[in-house]
Amino acid sequence: MDPDLPYCGPAPDPQAWIMAWNLDPVLIGCLGVVALGGLWQLRGQPAARRHAFGGAMVAAVLAFVSPLCALSVALFSARTLHHLVVIAVLAPALALAFPLRRSPQVLAVLAVSAALWAWHLPVVYAAAWDSAAVYWALQLALIVPGWAFWSSVLGQGAGGVSGGVSGGVSGGVSGRGAGAVALGALVGQMGMLGALLTFAPRAFYVQHLAHAPRFGLNALQDQQLAGLIMWVPGMVPLAVLAALMAWTALVQAPQQPLGQGGRRA
């Protein structure tokens, strides 16, 4: 890997970007080790967990091996799509396959939000562009807190709380409500970032000034497209999921019996 280029290599040619696969042997080797180790750990486990792990590996290949990696060098909108693959596909798939137990939900929300905002600070973005070490540190700063975040949200949403039938129902309902709040917090961060990118009067990321026009966009239009990607395919599905979780928590909330005078006991 050329140290003078971003980790994903040079910006691809618009006519041949689909051929710009990242075949970094270290990355391929690491993914292979993770795949074999994960399958070994999941032997004898329910098929749903194995399928989730398979989905996580596909998302990792899409984000870091497929031409999306190289395309993110040319277009900031592709970088935003790359982040969505990590946060909304890779991280929840990992959480379903290998849920992190006792993930502090508030800390997970703060950590994944901080990583998301850090990626969008021009000075931090430039550092990731210039250094593979910084690039991977920021990627891990998205993946690991995202993994913890989704473990908390999906784990609580499953209602797997011990303590008898009534305790399990009660815990599951309150867990869905807490998960909806946490997911809503992430959606809010994405909404603010999307608005900032869409309505900013100038382009923030000089790294794309020369590359975006080759794909028919100027850098500001590319940045605005990134904001729309953050809103529509990014924020909307998560907002719908948060709403469904909140609705389920409300519908299934246990009703207290009426006492004397028609009041709740």
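Rules and cut-offs
- Residues numbered from 1 in each chain as written.
- Predicted model: local features only at pLDDT ≥ 70, side-chain atom pairs only at ≥ 80, totals over all residues.
- Heavy atoms only, no water.
- 1 Å grid on protein atoms, 1.4 Å probe; cavity = no way out; pocket = protein on both sides within 12 Å on 5 of 7 lines; lining within 4 Å.
- Points joined across faces, edges and corners; volume = space filled by probe spheres on them.
- Helix = DSSP H or I, 4+ residues; strand = E, 2+ residues; numbered from the N terminus.
- Nonpolar A, V, L, I, M, F, W, Y, C, P; charged D, E, K, R; others polar.
- Disulfide = S-S within 2.5 Å.
- Buried < 20%, exposed > 50% of the residue type's maximum accessible area, 1.4 Å probe, protein only.
- Core = buried A, V, L, I, M, F, W, Y, C linked by side-chain atoms within 4.5 Å.
- Contact = heavy atoms within 4.5 Å.

Visitor: What's the story with the layout of surface pockets in this structure? I'm lost.
Guide: Sizing a probe to match a water molecule and rolling it over the atoms shows the empty space that remains. Here the largest pocket defines a volume of roughly 460 Å³. As for the largest pocket, its lining consists of 20 residues, of which Leu31, Val34, Trp136, Leu140 and Ile143 are closest to the centre. Elements that contribute at least two residues to the lining of the largest pocket include exactly α1 (25-41), α2 (47-64), α4 (76-97) and α7 (132-157). Residues of the lining of the largest pocket, tallied by class, amount to 19 nonpolar, no polar and one charged.

Visitor: Teacher, can you tell me more about the state of the cysteines here?
Guide: The term disulfide refers to a covalent linkage connecting the sulfur atoms of a pair of cysteines. Taken as a whole and assessed by the stated rule, the structure comprises one disulfide. Two residues share a disulfide in this structure: cysteine 8 and cysteine 69, whose sulfurs sit 1.8 Å from each other. Disulfide cysteine 8-cysteine 69: the torsion about the S-S bond is -75°, which places it as left-handed. Taken as a pair, cysteine 8 in the segment before α1 and cysteine 69 in helix α3 (residues 67-74) lie far apart in primary sequence, 61 residues in all. What makes cysteine 8 buried here is its relative accessible area of 9%. Among the residues examined, cysteine 69 registers a relative accessible area of 0% and is labelled buried.

Visitor: Would you take a moment to explain the nonpolar core for this structure?
Guide: General note: in soluble globular proteins, nonpolar side chains tend to be found buried as a group. Counting residues in each nonpolar core, the largest one holds 67 residues, and the members touching the most others are Phe64, Leu90, Tyr135, Phe149 and Trp150. Top element by residues in this core is α4. It accounts for twelve residues. Excluding residues that lie within four positions of it along the chain, tyrosine 135 makes contacts with Tyr7, Cys8, Phe64, Cys69, Arg79, His82, Trp119 and Ala128.

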